[in-house]
Amino acid sequence: WTREERYKQTSDYSDNYLEELAKRVAQSPFRQNYHIQPNTGLLNDPNGFTYFDGKWHLFYQWFPMGAVHGLKHWYHLTSTDLVQWKEEGVALLPDTPYDSHGVYSGSGFVKDGQLHIMYTGNVRTEEWERVPNQIVARMEADGSFTKFLPPAIAGNPEGYTDHVRDPKVWEQHGIYYAVIGAQRTDETGTILMYRSADALDWELMGEVDAGLPDFGFMWECPDLFEIDGKTVLLFSPQGLEPEGDRYHNIFQTGYVIADDFRMDELKLEHEGFQELDAGFDFYATQTAESPDGRRILTAWMGLPEIAYPTDSEDWAHCLTLPRELSIKDGKLIQQPVRELVALRKKQALSESGLLSEAKRFERSGANCYELQLDVTFLASADHAPVTLDLCEDAVNDKHFRITLDPSAKKITIDRSQCGIPFAEDFGTTRTLSVEQMDAVKLQIFVDTSSIEIFVNDGEGTFTSRVFPEAGETGLSLVAGSTIDYRLKLWELA
Ligand code: FRU
C-alpha cells in the first residue's frame, strides 16, 4: 500500500470490491464469535459510545479496504444489551474538506433529545502537513448524520503541535465540556479542556494538570468521568519506556484517580499513573454511562504500528468485551458486564478437588468459551507455581500459559508457544503483581483469536490476541504442590 492508495477517495469502492473482500475475510480461521470485528479492513478505536433512546450506540474507527491505517471512517453498531450488536453501517465518511484524510476518534453525547458526536477531522495539506479539526455532527431521525461546518474548533491552539485529537464530551449542569488529547510544542503529551454552552462554540479552558509534565510525547483518547465521587482521568500515553513489569507494549493505556477536580483549577492530585491492563493488546479506551449508573468501558484489542497475523487476510483487530468499572483501594476494578452471561450456551465442565500434579480436562469444542478457575494454595504446601494452559496442543507442545506464582505474588502470561507468533520484539510474556495470593480467582473469555483474563474479580486484567493453529484447543492445569481448585467452563454462543 502506497500512501496514495491508503488515502484513496471513498468513491473507489462503490463497486462490489468490498463485497468480494468480505467473502474472502469471512473464510479466515481467526474470525471471532462474540467480539465486535470489521467485516473487511482495519478496526481501531471504539468511538461515540453512548446510551441514547433505549439503545447503546457504539462506533469504531474503520478503514474498509485493507489491514492498514488508511482513510478512517466511523462504522456504527447498536445494541439493547451490550451482547447482541446490530450493524448499522457506515456513519461518518471522510467526505468534507475538514476531514478529508480521516474521520478520526471522538465521542457521543445527547443534546436537545438527539445523539450528537464530536470527532477529529484529520486533514493533510498538499505538503502533507496535518490539520486537526474538531467537528460536531448530529444523528437525524433516519440515522444519517449532519456535520456542522466549519469545524467547532479549527486547527491547533498556540503552544501545541498538530497532534490535537480525540475529543471526549460530557454535559454537566447545562454546560458541555470536552477533553482533547494533545502534544505541546516541546513534544510532551497533555490534555486540553474546553467548555461550551451549546456544544458548537467552544472555549479553551486550559490544560488538565495531571502532574505528569513529561510523560510521553502524545496522549491519545482522553476520558474524564466520576465514579463514587472520585474523578478518573483515563488516557493512552505514547512514548513511555518499560519500567519493571509495566509499559511493555508499544503504547500504553492507564489512569489517575483524584479525590477532587475543580473546574477553576483543572488540577488532579493523585497517587500516580496506573496501567489499566497487563496484557499484550489493549489501547484507546472509551467509556459510557449506562441508564442504571454503571460506567462501561470498551477498548481496541490491538495497538498501532504492530503487524498482526490477519493483516495478510485484509482484516485486523476487534474490540474488547464491555467491562463495568468501579474503584477499590485506589484502583480501577474492571469486570465483564453482567449481561455477558447471556452468551453461555452450555456448561461443559464443572470440576473441583485437591490437585498436586498435572490434569488435562477433556473438551472437544472450539476456542469459544468462558472459564472460571478458583485456586487456593494450601497453607501447609510449599507454594510452587500453578500453570493453566489454554489453546493447548500437547503433542506439539503448544499452549497459551498462565502461571500463578504465590511466592512472588505474580501472575504471568506467556504466548510464545501459542499459534502464530507476532510482535515478539515487545516480548512474549506479561506479568501482573497481585496483592493477595493465598487464593486466586480467574475469569477468562476465550474466543477464536483472543483471551481476556479477569483476575480476582477485576483487580487486574490481561487482554491479548492469539492466533492458535488448528487443534490448539486443549486445556490443562498443573500444580507443583497441593492446591484446592474449582473449574467451570461454559461454551459460549
Ligand atoms: C488512536 C488514534 C487516535 C486517532 C485515531 C485515528 O489509536 O491514533 O488518536 O484519532 O487513532 O484512527
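Keep in mind it's a predicted model, so treat the numbers as computed, not measured.

Calculation rules
- Residues numbered from 1 in each chain as written.
- Predicted model: local features only at pLDDT ≥ 70, side-chain atom pairs only at ≥ 80, totals over all residues.
- Heavy atoms only, no water.
- Helix = DSSP H or I, 4+ residues; strand = E, 2+ residues; numbered from the N terminus.
- Rg over C-alpha atoms; globule rule 2.2 N^0.38 Å.
- Contact = heavy atoms within 4.5 Å.
- Areas by Shrake-Rupley, 256 points an atom, 1.4 Å probe, with all protein chains shown as cover.
- Lys, Arg positive; Asp, Glu negative; His and termini not counted.
- Charge placed at Lys NZ, Arg CZ, Asp CG, Glu CD.
- Core = buried A, V, L, I, M, F, W, Y, C linked by side-chain atoms within 4.5 Å.
- Buried < 20%, exposed > 50% of the residue type's maximum accessible area, 1.4 Å probe, protein only.
- Domains from an automatic or database assignment.
- Salt bridge = Lys/Arg side-chain N within 4 Å of Asp/Glu carboxyl O.
- Pairing = 2+ DSSP bridges.
- pLDDT = per-residue confidence, 0-100.
- Phe/Tyr/Trp six-rings, centres within 6.5 Å; stacked < 30°, edge-to-face > 60°.

Asker: For this particular structure, what's the right way to read the overall build of the protein chain?
Answerer: When helices and strands are tallied, the protein chain shows two helices and 33 strands. A globule of 493 residues ought to have a C-alpha radius of gyration of about 23 Å, and the protein chain, at 23 Å, matches this closely. Taken along the three principal axes of its C-alpha coordinates, the protein chain extends 70 × 55 × 40 Å. Counted over contacts in the protein chain with a minimum sequence separation of 6, partners at least 24 positions apart contribute 58%. As displayed, the protein chain has an accessible area near 19,700 Å², and 45% of this comes from carbon and sulfur atoms. With 44 positive and 80 negative side-chain charges, the protein chain shows a separation of 4 Å between the mean positions of the two kinds.

Asker: Help me out: how do you make sense of the nonpolar core in this one?
Answerer: Among soluble globular proteins, nonpolar side chains are generally buried collectively. If you look at the biggest cluster of nonpolar residues, it comprises 40 residues, and the most contacted ones within it are Tyr34, Ile36, Phe49, Tyr60 and Leu492. Of all the secondary-structure elements, those providing two or more residues to this core are helix 2 (17-26), strand 1 (41-52), strand 2 (55-63), strand 3 (73-79), strand 17 (283-289), strand 18 (295-300) and strand 33 (483-492). Counting residues per element, this core draws most heavily on strand 2, which supplies four residues. Looking at this core, you find at least three residues from each of domain 1 (3-336) and domain 2 (342-492).

Asker: What is the right way to look at unusual backbone geometry in this model?
Answerer: One can expect most non-glycine residues to show negative phi and most peptide bonds to be in trans. Residue Pro150 is bonded to the preceding Leu149 through a cis peptide linkage, with omega at 0°. Positive phi outside glycine occurs at Asp112, with the angle close to 50°. Assignment of secondary structure puts Asp112 in the loop between strand 5 (103-111) and strand 6 (114-124). The exposure class of Asp112 is exposed, given its relative accessible area of 66%. Non-glycine residue Tyr247 carries a positive phi angle of around 60°.

Asker: What should I look at first to understand the pattern of salt bridges in this one?
Answerer: A side chain of one charge can pair with a side chain of the opposite charge when the charged atoms of the two come close. Within the structure shown, the criterion is met by 27 salt bridges. Across the salt bridge formed by Arg165 and Glu220, the nearest N and O atoms sit 2.6 Å from each other. Residue Arg165 is located in strand 9 (residues 160-172), and its partner Glu220 is located in strand 13 (residues 218-227); the two are separated by 55 residues in the primary sequence. A single burial state applies to Arg165 and to Glu220, both of which are buried. The shortest N-O distance in the salt bridge between Glu207 and Arg184 comes to 2.9 Å. With Glu207 in strand 12 (residues 203-207) and Arg184 in strand 10 (residues 175-184), the pair connects residues that are 23 residues apart, well separated along the chain. Take Glu207: its relative accessible area is 27%, and that puts it in the partly exposed class. Overall, Arg184 belongs to the buried group, its relative accessible area being 17%.

Asker: Would you mind going over the pairing of strand 21 (residues 331-336) with me for this structure?
Answerer: Two faces belong to every sheet, and in a regular strand the side chains alternate between them. For strand 20 (residues 323-328) and strand 21, the ladder comprises six bridges, and the chain directions are antiparallel. Within strand 21, the residue paired with Lys328 across the bridge is Lys331.

Asker: Looking at this structure, I do not really get the confidence of the model for the protein chain. What am I missing?
Answerer: Caution applies to low-pLDDT parts of the model: their predicted coordinates are not meant to be read in detail. Scored by pLDDT, the protein chain comes out at a mean of 95, with 96% of its residues at no less than 70. Predicted confidence in the protein chain is weakest over helix 1 (residues 3-6), with a mean pLDDT of 57, and strongest over strand 30 (residues 450-455), with 99.

Asker: I'm lost on the packing of aromatic side chains in this one. Help?
Answerer: How two aromatic rings sit relative to each other is set out by the distance from centre to centre and by the angle between their planes. Here the structure, examined in full by the defined rule, presents 22 aromatic pairs. Here Phe30 and Phe467 contribute two aromatic rings whose centre-to-centre distance is 5.2 Å and whose plane-to-plane angle is 85°, an arrangement assigned as edge-to-face. Linking Phe30 in the loop between helix 2 and strand 1 with Phe467 in the loop between strand 31 (460-465) and strand 32 (474-479), this pair joins segments that are 437 residues apart in sequence. Just as Phe30 is buried, Phe467 falls in that class too. On the basis of an interplanar angle of 40° and a centroid distance of 5.2 Å, the ring pair of Phe49 and Trp56 is categorised as tilted. Each member of the aromatic cluster is reached from another via a ring pair, and the members are Phe215, Trp219, Phe235, Tyr247 and Phe273.

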